[in-house]
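Working through the structure, step by step
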Amino acid sequence: MLTVLFLSSILLGACSHFKEMKEGLNFHPMVLKEKFWEFEIEQMIEPLEKRVWNAPEELVRFLTPHPHENPDSFVKLQVPMTNEEKKLVQEAIGYIPKKIIHPIEKTLLGIFVLRGLGYSGITYNLFDQFGETRFLILVMDLESLNQPANEWATWRERTGFKSGLKFKNNQIEVRISKKTGNTPIQAIQYLLLHEFGHVLAYQRGDLPPWWESGREFVISEKDYPFLREVWSDSLIRGIYSSWDDTSPWRSEIQFYPLALNQIPRLTVDHAVEIYKNLGNTPWSNAYSSQSPFEDYAENFAIFVHQEILKQPYQISIGDFQYSPDWNSKGLSKRKKFFMELWKSL
């Protein structure tokens, strides 16, 4: 069966563009429906590791709406993955617990690979002609992920900070893998955990549908316990955090700014201060503080990575070191939430 679907702009806040999307779309990042796309929906019967494909031209054009302005980038995005690269992605999927994969397979149409995005991955949704979400898709940039896990995690963290007076950008080091497992497979696995967090949040209804234009949500413990005491929304302020007054840096944090032809707003000096005080907040790292969407996806990824898979997560800046403490005052409620989620899968 061949179905025509709409490809919408960025699902759940996108892992790199949430601030720009919410500013440009009145805080509702899922309202654009710009492209028709055809898929063989029968592919959904295949296991997820067999749904790893090169990005079709329609998707590449969606990601580069003005290819004539940068033709080299447009051509680069279409360079197909090698058989070896496809096997890396499939092997990374195989290392993720099946209790995560099984529910994901029901909603995620596939993983589409290209290169040269400037950020590691992103999740989109597909609407039908009635405006209903039919499937989600994951877009992955192999160029950024084709490096050992610790090097990739270090690169991602460095995108958020420029050199300061005391600390330089290259002093940031992130370790998400033990030496014996420091391979691109574990980098891909970590990214998949993050993106799968977005998919689970959508499936479970754990976040309000902020993409429905013109709606204001009253956060309640019953309806959205994940957001309680952390995130809220109003037509005047948009999406905001109750921690904004004590975490003023949050409004300036931005990862992958070069993908938007911008530079980081914060310095590595700021990063040290952020991580010194992060244990009092509900966020496991600076990345997770960017939005409710990244809060959910990144905290989910780090929770599974550390607590379930027993892998390290450590940020070093000079002599300073930070690791998320899931028993801390700030993260203990997040730990309880994700532990209950884990048991329910």
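Residues numbered from 1 in each chain as written. Predicted model: local features only at pLDDT ≥ 70, side-chain atom pairs only at ≥ 80, totals over all residues. Heavy atoms only, no water.

Right, let's get into the sheet that holds strand 12 (residues 314–317). Ordered by their spatial adjacency, three strands build an open sheet running 8-12-13, and the pairing between neighbours is antiparallel. At either end of the open sheet lies a strand with only one pairing partner, and these are strand 8 (172–175) and strand 13 (320–322). Between one strand axis and the next, the sheet turns through 15 degrees on average, direction left out of account. With three bridges connecting them, strand 12 and strand 13 associate as antiparallel partners. Paired with isoleucine 317 across the strands is phenylalanine 320, a residue of strand 13. Packing of helix 7 (residues 149–158) onto the sheet brings it into contact with strand 8 and strand 12, and relative to strand 8 it is tilted by some 135 degrees. (Pairing = 2+ DSSP bridges. Helix = DSSP H or I, 4+ residues; strand = E, 2+ residues; numbered from the N terminus. Axes fitted to C-alpha atoms, helices over the stretch in contact; angles between N-to-C directions. Contact = heavy atoms within 4.5 Å.)

What follows deals with the pairing of strand 6 (residues 133–141). The side chains of a regular strand alternate between both faces of the sheet. Counted residue by residue, strand 6 has seven buried out of nine residues, so it is predominantly covered. Sheet topology places strand 4 (residues 108–114) next to strand 6; six bridges connect them, and they run parallel. Bridged to leucine 114 within strand 6 is aspartate 141. Sheet analysis places strand 5 (residues 121–127) next to strand 6, joined by seven bridges and oriented antiparallel. By the bridge assignment, phenylalanine 127 is partnered in strand 6 with threonine 133. (Buried < 20%, exposed > 50% of the residue type's maximum accessible area, 1.4 Å probe, protein only.)

What follows covers unusual backbone geometry. Backbone geometry places glutamate 229, a non-glycine residue, at a positive phi of 70 degrees. Structurally, the position occupied by glutamate 229 is in the loop between helix 8 (184–204) and strand 9 (231–234). Even without a glycine there, the phi angle at tyrosine 256 is positive, about 60 degrees. Along the polypeptide, tyrosine 256 turns up in the loop between strand 10 (238–241) and strand 11 (266–267). Judged by its relative accessible area of 3%, tyrosine 256 is buried.

This brings us to the pattern of salt bridges. With the rule as written, the count across this model stands at ten salt bridges. Arginine 250 serves as the salt-bridge partner of aspartate 244, at 2.7 Å between the closest nitrogen and oxygen. Overall, arginine 250 belongs to the buried group, its relative accessible area being 5%. Glutamate 307 serves as the salt-bridge partner of lysine 335, at 3.9 Å between the closest nitrogen and oxygen. Here glutamate 307 lies in helix 10 (residues 292–308) and lysine 335 lies in helix 11 (residues 332–344), a separation of 28 residues in the sequence. A cluster of three or more residues bridged by salt bridges with shared partners is formed by Arg228, Glu229 and Lys333. (Salt bridge = Lys/Arg side-chain N within 4 Å of Asp/Glu carboxyl O.)

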